[in-house]
Amino acid sequence: MATAFIIPLILAAIAGLGGYLLYRYVIYDAMCKSSVNRILNSYDIKKTPSQIIREFHEIVRGETISERKVRLLEKQYRQTDPDQFLEMYDALREHHADR
């Protein structure tokens, strides 16, 4: 008798958890990525977010970072602070203008 309530409850919990994880790690990141790309396109910036991060660290900060670090920073900025890409792009433009 108790299994008639427990099994559907467990299945519903698994489905809910699966849906949440799918949203949190796939759908939310895809929405953030399209938002950042839309922002960059609206300002007519032809560079990708990873190119902006890589160039910013190499040119402005003078440090070389790995591809893995670039991907991690891109995901972090994309989800928590998307305006960071515009700030880094502006810093790159100012650095090129100073030369």
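Everything below is about the structure shown above.
Residues numbered from 1 in each chain as written. Predicted model: local features only at pLDDT ≥ 70, side-chain atom pairs only at ≥ 80, totals over all residues. Heavy atoms only, no water.

1. Quick look at the packing of helix H2 (residues 49-60) against helix H3 (residues 67-80)
Phase 1: One can describe the packing of H2 onto H3 by two numbers: an axis separation of 9 Å at closest approach and a directional angle of 115 degrees. When the axes of H2 and H3 are compared, the crossing they make is right-handed. Contacts between H2 and H3 pair Pro49, Ser50, Ile53, Arg54 and His57 from the former with Glu67, Val70, Leu73, Glu74 and Tyr77 from the latter.
Phase 2: For the contact of H2 with H3, the residue count by class is five nonpolar, two polar and three charged. (Axes fitted to C-alpha atoms, helices over the stretch in contact; angles between N-to-C directions. Helix = DSSP H or I, 4+ residues; strand = E, 2+ residues; numbered from the N terminus. Left-handed = near helix turned anticlockwise from the far one by under 90°. Contact = heavy atoms within 4.5 Å. Nonpolar A, V, L, I, M, F, W, Y, C, P; charged D, E, K, R; others polar.)

2. Regarding a nonpolar patch on the surface
Phase 1: Side chains of Leu17, Tyr20, Leu21, Leu22, Tyr23, Tyr25, Val26, Ile27 and Met31 sit close together on the surface and give an oily, nonpolar patch of about 890 Å² of accessible area.
Phase 2: Among the secondary structure elements, Ile27 is positioned in helix H1 (residues 3-42). (Patch = residues over 30% accessible without salt bridge, like charges linked within 9 Å, V, L, I, M, F, W, Y side chains within 5 Å. Areas by Shrake-Rupley, 256 points an atom, 1.4 Å probe, with all protein chains shown as cover. Salt bridge = Lys/Arg side-chain N within 4 Å of Asp/Glu carboxyl O.)

3. A few points about the pattern of salt bridges
Close approach of charged atoms allows side chains with opposite charge to pair.
Phase 1: Tallying each qualifying case throughout the model produces six salt bridges.
Phase 2: Residue Lys46 pairs with Asp44 through a salt bridge whose shortest N-O separation is 2.9 Å. Residue Lys46 shares its accessibility class with Asp44, and that shared class is exposed.
Phase 3: Two residues, Arg54 and Glu67, come together in a salt bridge whose shortest N-O distance is 2.8 Å. Here the residue Arg54 occupies a position in helix H2, and Glu67 occupies one in helix H3, the gap between them amounting to 13 residues.
Phase 4: For Arg54, a relative accessible area of 23% translates into the label partly exposed.
Phase 5: What emerges from the salt-bridge pattern is a single network uniting Asp29, Glu74 and Arg78. (Buried < 20%, exposed > 50% of the residue type's maximum accessible area, 1.4 Å probe, protein only.)

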